[in-house]
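If you want the building blocks of each chain, they are given just below.
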Amino acid sequence: MINYFKRNISLTIGLGLLIFLILFTLHGLLTVEFKQAYPLAVRPKQPPSLKYLFGTDFFGRDLYTAMVVGVWQTAIIGLLAGAAGTIIGIVLGFISAYFSGLVDVVIKFICQILTPIPAFLIQVVIASSIDKRDVTIITMAVVVFLLSWMAPTLVIRSQVLSMRERQFVAVAKLSGMNSLEIIFKEIFPNLLPFIAAAFVAQVFQAVFASFYLAVIGLGPLREPLLGNTIWAAQSQSAFFNGWWWWPVGPSVAMILILGSLALINMGLDEMANPRIRNKE
Amino acid sequence: MKISKLSIALLAITTAFTMLTTSLFAGGHSLAKVPREQTLVLGWSITSPIGVTNPFASTGYTHQEANNLMWEGLSYFGIFNDEEIPWLADSMEYTKSDYTQLTIKLNAMAQWSDGTPVTSKDVVFTFESQKNNNKLPYHANFKQFVDKVTAVDDKTVVVDFKMPAPRFKFQVLTLKFDTGIPIVPAHVLSKVDNVNEYEGGNDMPHSGPYNLVLWDANQKIYDLNTDWWAVKAGRISMPEVKRVVMFNIGGQVGQGMDVVAQRVVNNEFDATLDMRSSVIGNILRQNSKVTTHSADKPPYGYLDWWPNSLWVNTQLEPYSDARVRRAMSLLINRELINEIIYEGAGIATIYPFPLYPGLEKFANSAAVKKLEAELQPGLYDPDKSAELMKAAGFTMNGDDLWEKDGKTVGAVINGFEGIHSDIVPVLVEMLRNGGIDADINFGTDAYQNMADGKAGLYMFGHGASLKDPYTALELFHSRYSAALGTTAGSNRFSRYSNPEYDKLLDEMAPLGGDDPRFQELAAQALGIYWRDQIDIPVIQWLHRIPYNQTYWTNWPTIANPSLGMNGAFWAHTGMLVVSTLKSAK
Amino acid sequence: MFVIKRLLFVLLVVWSASTITFFIPRISDINPIRERFAELARLGGFSAGELEKIVESYSKAFGLDKPLMQQYFDYIGGVMTLDFGVSLNKFPKTVLMLIAESLPWTIGLILVTTILSFVIGNLVGALAAWPLSPKWVRGVSTSFILFQGVPPVLLAILLIFFVAFKLNILPIAGAYSIGTVPDFTFEFLLDVARHQILPGIALIFGSLGTWVLSMRGMGITIQGEDYVIFAEHKGLSSYTIFKDYYLRNALLPQVTALALALGNVITSAIVVETIFGLPGLGFVLITAIRSNDFLVIYGIVLFITIAVAVLMALVELLYPLLDPRVRQGQE
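Reading the values: the criteria
Residues numbered from 1 in each chain as written. Chains lettered and ligands numbered in written order. Predicted model: local features only at pLDDT ≥ 70, side-chain atom pairs only at ≥ 80, totals over all residues. Heavy atoms only, no water. Helix = DSSP H or I, 4+ residues; strand = E, 2+ residues; numbered from the N terminus. Rg over C-alpha atoms; globule rule 2.2 N^0.38 Å. Buried < 20%, exposed > 50% of the residue type's maximum accessible area, 1.4 Å probe, protein only. Contact = heavy atoms within 4.5 Å. Lys, Arg positive; Asp, Glu negative; His and termini not counted. Charge placed at Lys NZ, Arg CZ, Asp CG, Glu CD. Pairing = 2+ DSSP bridges. Patch = residues over 30% accessible without salt bridge, like charges linked within 9 Å, V, L, I, M, F, W, Y side chains within 5 Å. Areas by Shrake-Rupley, 256 points an atom, 1.4 Å probe, with all protein chains shown as cover. Salt bridge = Lys/Arg side-chain N within 4 Å of Asp/Glu carboxyl O. Buried area = accessible area lost by both parts, 1.4 Å probe. Polar contact = N/O pair within 3.5 Å; in protein donor to acceptor, adjacent residues only side chain to side chain. Nonpolar A, V, L, I, M, F, W, Y, C, P; charged D, E, K, R; others polar. Axes fitted to C-alpha atoms, helices over the stretch in contact; angles between N-to-C directions. Parallel < 35°, antiparallel > 145°, perpendicular 65-115°, else oblique. Left-handed = near helix turned anticlockwise from the far one by under 90°. pLDDT = per-residue confidence, 0-100. Phe/Tyr/Trp six-rings, centres within 6.5 Å; stacked < 30°, edge-to-face > 60°. Lys NZ or Arg CZ within 6 Å of the ring centre and 35° of its normal. Core = buried A, V, L, I, M, F, W, Y, C linked by side-chain atoms within 4.5 Å.

Overview of the overall build of chain B
Thought 1: The number of helices and strands found in chain B is 20 helices and 26 strands.
Thought 2: Taken against the 2.2 N^0.38 rule, which gives 25 Å for 585 residues, the C-alpha radius of gyration of chain B at 26 Å falls within 12% of a compact globule.
Thought 3: Once the C-alpha set of chain B is aligned to its principal axes, its extents read approximately 85 × 70 × 45 Å.
Thought 4: Counting all 585 residues of chain B, 64% fall into the buried class.
Thought 5: Put simply, 70% of the contacts in chain B that link residues at least 6 apart link residues at least 24 apart.
Thought 6: Chain B carries 50 positive and 64 negative side-chain charges, and their two centres are separated by 3 Å.

A short note on the sheet that holds strand E18 (residues 407–408) of chain B
Residue and element names in this part refer to chain B.
Thought 1: Pairing in this open sheet of three strands is antiparallel, and the strands run E16-E17-E18 from one edge to the other. Looking at strand neighbours, the two that pair on one side only are strand E16 (395–396) and E18, the edges of this open sheet.
Thought 2: Strand direction decides the pairing type here: E16 and strand E17 (residues 402–404), joined by two bridges, are antiparallel. Note on E17: the bridge partner recorded for Thr395 is Glu403.

Some thoughts on the environment of Gly344 of chain B
Residues and elements named next belong to chain B.
Thought 1: Examined against the element boundaries, Gly344 turns out to sit in the loop between helix H10 (334–342) and helix H11 (357–363).
Thought 2: Measuring from C-alpha to C-alpha, the distance between Gly344 and Pro299 comes to 8.7 Å, with 45 residues separating the pair along the chain.
Thought 3: Look past the residues within four positions of Gly344 in its chain and what remains in contact with it is Asn338 and Glu339.

Observations regarding a nonpolar patch on the surface
Residue and element names in this part refer to chain A.
Thought 1: On the surface, Tyr98, Phe99, Val103, Leu180 and Phe184 cluster together into a nonpolar patch covering about 510 Å² of accessible area.
Thought 2: Every element with two or more residues in the nonpolar patch is listed here: helix H3 (63–99) and helix H9 (179–215).
Thought 3: Tracing the sequence through the fold places Val103 in helix H4 (residues 101–114).
Thought 4: Of the residues examined, Val103 reaches a relative accessible area of 36% and is grouped as partly exposed.

Concerning the interface of chain C and chain A
Thought 1: Counting from both sides, the interface comprises 50 residues of chain C and, opposite them, 41 residues of chain A.
Thought 2: Buried area between chain C and chain A, both sides added, is near 4100 Å², and the carbon and sulfur share of it is 78%.
Thought 3: A per-residue breakdown of the area chain C buries against chain A is headed by Phe9, Leu154 and Ile157 of chain C, which together make up 12% of the total.
Thought 4: Viewed at the interface, chain A and chain C are joined by zero salt bridges.
Thought 5: The tally of links between chain C and chain A comes to one residue pair in polar contact (both at pLDDT 80 or more).
Thought 6: Of all the secondary structure elements, the ones that give two or more residues to the side of chain C that touches chain A are helix H1 (2–23), helix H6 (135–143), helix H7 (152–167), helix H8 (186–223), helix H10 (238–276), helix H11 (281–290) and helix H12 (294–322) of chain C.
Thought 7: Its residues assigned to classes, the side of chain C that touches chain A comprises 33 nonpolar, 13 polar and four charged.

What about the packing of helix H5 (residues 95–129) of chain C against H6 of chain C?
Any two packed helices are characterised by the angle at which their axes cross and by the distance between the axes.
All names here are of chain C.
Thought 1: Where H5 meets H6, the closest approach of the two axes is 8 Å, and the angle between their N-to-C directions is 135 degrees. By the angle between their axes, H5 is oblique relative to H6. Crossing hand, H5 versus H6: left-handed. Contact residues: Val124, Leu127 and Ala128 in H5; Val137, Arg138, Ser141 and Thr142 in H6.

Section: the confidence of the model for chain A
Thought 1: Confidence along chain A averages 85 in pLDDT terms, with 96% of residues attaining 70 or more.
Thought 2: Note on residues 276–280 of chain A: pLDDT is under 50 here. Beyond four places in sequence and across chains, it has 14 contacts.

So, the side chain of Asp122 of chain B
All names here are of chain B.
Thought 1: For Asp122, the location among the structural elements is in helix H2 (residues 120–132).
Thought 2: Nearest to the buried, unbridged Asp122 among oppositely charged side chains is Lys155, at 7.4 Å.
Thought 3: In this structure the side chain of Asp122 is engaged in a polar contact, spanning 2.9 Å, whose partner is the backbone nitrogen of Thr119.
Thought 4: With residues up to four places along the chain from it excluded, the contact list for Asp122 reads Trp112, Pro117, Ile183, Val184, Pro185, Ala186 and His187.

Thoughts on the pattern of salt bridges
Between side chains of opposite charge, a pair can form as their charged atoms come close.
All names here are of chain B.
Thought 1: A full pass over the atoms with the stated rule returns 22 salt bridges over all chains.
Thought 2: Note that Glu372 and Lys369 form a salt bridge whose closest N and O atoms lie 3.5 Å from each other. On the criterion of helical spacing, the pair formed by Glu372 and Lys369 is a turn pair, its members being three residues apart in helix H12 (residues 366–375).
Thought 3: For Glu372, a relative accessible area of 23% corresponds to the partly exposed category.
Thought 4: Put simply, Arg531 and Asp532 hold a salt bridge, and the shortest N to O gap is 3.2 Å.

Describing the packing of aromatic side chains
Thought 1: Following the criterion strictly, the structure yields 61 aromatic pairs over all chains and no others.
Thought 2: Between the aromatic rings of Phe147 of chain C and Phe205 of chain C, the centroid separation amounts to 5.2 Å while the plane-to-plane angle is 55 degrees, which identifies the pairing as tilted. Remark: Phe205 of chain C occurs in helix H8 and Phe147 of chain C occurs in the loop between H6 and H7; sequence separation between them is 58 residues.
Thought 3: For Phe147 of chain C, a relative accessible area of 24% corresponds to the partly exposed category.
Thought 4: Ring pairs connect the aromatic residues Trp306, Trp311, Phe416, Tyr458, Phe460, Phe476, Phe493, Tyr529 and Trp541 of chain B, which therefore count as one cluster.
Thought 5: Lying over the aromatic face of Phe170 of chain B, Lys176 of chain B brings its terminal NZ or CZ to 4.9 Å of the ring centre.
Thought 6: In this structure, Lys467 of chain B packs its charged tip against the face of Phe170 of chain B, placed 5.0 Å from the ring centre.

Here's the deal with helix H7 (residues 257–265) of chain B
Residues and elements named next belong to chain B.
Thought 1: Of all the nine residues making up H7, nine are buried; the element is thus mostly covered by neighbouring parts of the structure.
Thought 2: When H7 is considered as a whole, its buried residues turn out to be Met257, Asp258, Val259, Val260, Ala261, Gln262, Arg263, Val264 and Val265.
Thought 3: Of the residues trailing H7, Asn267 is marked for its positive phi of about 65 degrees.

Describing the environment of Trp311 of chain B
Residues and elements named next belong to chain B.
Thought 1: Its location among the elements puts Trp311 in strand E15 (residues 308–312).
Thought 2: Overall, the relative accessible area of 0% leaves Trp311 in the buried class.
Thought 3: As a C-alpha pair, Trp311 and Gly415 span 104 residues in sequence and 10 Å in three-dimensional space.

With respect to the sheet that holds strand E7 (residues 156–161) of chain B
All names here are of chain B.
Thought 1: If you trace the four strands from one edge of the open sheet to the other, you get E4-E5-E7-E6, paired in antiparallel fashion. In this open sheet, the two strands that pair with only one neighbour each are strand E4 (89–94) and strand E6 (146–153). Across the sheet, the mean angle separating the axes of adjacent strands is 15 degrees when strand polarity is ignored.
Thought 2: In this structure, E4 lies alongside strand E5 (residues 101–106), joined through five bridges in antiparallel fashion. Across the sheet, the residue bridging to Met92 is Ile104, located in E5.
Thought 3: Strands E5, E6 and E7 of the sheet are contacted by H2, whose axis makes an angle of about 170 degrees with E6.

What about the nonpolar core?
Thought 1: Formed by 237 residues in total, the largest nonpolar core has its most connected members in Leu74, Trp87, Ile104, Phe127 and Leu173 of chain B.
Thought 2: Looking at this core element by element, the count peaks at 14 residues for H12 of chain C.
Thought 3: Counting residues in each nonpolar core, the second largest holds 105 residues, with Ile332, Ala438, Met450 and Leu505 of chain B among its members.

Dropping the structure here:
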């Protein structure tokens, strides 16, 4: 096990980063006062110090607290949208591969047609059309997920199809297992690395998309979501006014989150596709 | 290495292609070169459709995007000198003592840029069009007041009113801030089939000092008309600004201002739209050549005419209860607002009008001061607020929010991101701290919510009074108390209705602002505004415009009031600001 | 036959995209025309007047009073003939005119940055996987993958602050200097190029990571292929093997990925353009979104969708020309 992690460096670093972020957030969630992530809680415009680790913003938010809550909310969006996208992908992928025929053609066709449509543009249209009172962390996740389930569907579908042709499935068939049994006992376990990789990719996409939406001011404005904080800093001209710590903190956090997800994704790829495995 | 060669070739081809198409699309213009020190560069978000310069074009004409350099009014108003500046008209006087007739005498030299003189025909055409064409912005005013318009001779026009119209001359015929009508050329527009659809373009004959020579997605360029009538008529000396470039800073007004601010520091812009209070201070610190209306002292600007309230929909539960409105007002800590957002400058207000000379006198009158002491409209007192909420039938729930029949006060404040992103989050938090379930909506539907009365709270200004409080107080007259779901006309979002209040306003309408009876009634009406908390006044509106003196001096400031106009180059009086600048070189 | 199939596919993509864009904004009952007048009212263009009447007459003029289905069919009919209607906000400009005006800026930016990031990213990715490259080269090039975690928007914001504000060596924003009149002169082109540097860097580095990652994966896969092993045994120089056998074969699938990535590239370009105030498609789109200029929003979204779909189809059609194996497979 340890040897494997030694070999799969990107997975190790990625997981390490992720664990660090989780610990940071958990520790924060247990110790901070949530109220301080909202305006008028502390002295405004203070640079980072021992008292305010990441400084405070124009509105009197403690940016350390805002970061803890923001990472937490980002995680919720990522996990929700990622899970939803992956589950839909698994279900549709299996249905498509299992039933084949017309169902398969239709599902595959819909996925292919929706794929070239730039999802972000549609997300922007949706996010700017819904009533702003309804923009919450949850609706953000829904908006992000709506156009992102096609990729996992296609991946799972093709993997199931290729596995159906493999030897162990043929053996299982000969030994009298029925199709459902084959799916859950034989195919599913072998698919796990792919599902994990698809899930991580989905989370990455969701975090990325929700971040973009928030940065251009389409997020739930009162919440200290990382993108929102950068948006707020931008709209109060933080850099020009010399409050550099305001946008820099959430930027670094976002880079760490996306970076760790990218590394994990790469590591999982290596795991799922042994040929890519590093030769060292 | 084939692939790299291929990519280099591709790169070269695309670069060439881009440059070619760009210059094809944008190019083809050849303008005389004007040196930077004779050019005035203004930063603004240009949103109107390219080519629309005709003031009667109804989609998209605005005077704000330097079209005010083309179109002039009968007279202007210098707000800080509190005096009229005669322009196309030498005089404009009420010729009946009950304000039912107005006589306008035009300047003999006034002429259009094509050489045709400006005559009473043009004035009559302008007025008649406003009266008969319901797509023009002052149609309602003309329909309500104007009986007939007569050209007595070439340079004299008489307007007869249906009823006393003591404010018509100032409100409608005098250009100031963003209100009033410019005079348009009858010999051009009378030949046009549909004046609302005629764009105007670069060459429409106009009376103002600058000609539009180029307009693309990036900028509008105006060159001086050295044949301008106003110089010959002795109204003003020849402007020193040879070229005006209005550069499109893009986006919604007020966004991405740090980039704009930096470009002022770098002397790229000579003036821009107004800035947030923290930004303007930093501009002054980084470039000593930049100044403001109040020089280098807070509040770094001048009072605009648009004091902002938290408007309350008085027909919507639970805001229909005056106690709830009052309770919310008691949660607003105006001193804290001054401290946090405005670096201690006294911006928070308790009035629905700006404190210009005439209005300040009214606000300081004994009657108003007495009411203020009695009603305490600016009081911050959470305990008292809690009492009122309890009296209104609310109980505190587990989340520390007031609740009645299982519902919290869902107070979403609708506002505009570009101009309210500093104040509204602070208000939301103040309300939340007092148990009101507040939130923000800066969406594109914000205005719709205000106009339809779907939501309860709106951050918006009172663009009304300049000299006396009548027009500001009239915003709350019952005649605008539209039912929910119908449109609250002309930004009157309160939907407030009170016969007692209407009676006061109706009696004030025909009286001049200086009439003692008018002052008495106005004080009573203001008392009702405070007592019923029709809306919750929050802040005065300031224009903090950076004036860069690297290339141009003589900007209107406190120390140098010039003609008394405000420094906004986008207001109607912006033409006077630009025409009176002096070269620094 | 294949060509017709691809064309039909493109049509279907466009139809579904236009259906989505048509119906989504109607979930909310925003009246775009009223918002437009409201904006004017807010800025002080109207102090009085019968707003509602004006709104009504314009709604009629823009066909917003017709039944939804009729609006929908009119709209789809328009889209199929590339007629996206007129802009509410910049009336009487048509949406197509707005697109045509802004398109050169966007195409220029996207083409140059995409090609550069594709070339750099794939080279770095190949080096990261090439077993013969020195260890430090592999380390450094692999670490480029981390750029995946840096959204171009963040890069843009940081570049503006550090390079344009603090160092003041490159223009902060805009497509060319203020007061310059666009002209086909060397001076003007140089000015334009200078203004493209920062947005270009933001976009190149923002999309580099993806290429490095996928090329590295591709490269590792190819190492085991027979022809590479064969070349090694033939005793060809490692440089020749690298470029002729290894790079070339690994690059082919990347070309397909390029078409797929276009959607993402455009997304980033749109936001970066807005941040730098470049008058391209993204800038027009964001302005339209902020002012509820529906037809412009649909028009641009559809235009981009059509462009991506067509490009993807083109790549699929041209791919056999690049990779002989595929061609044989098809015949």
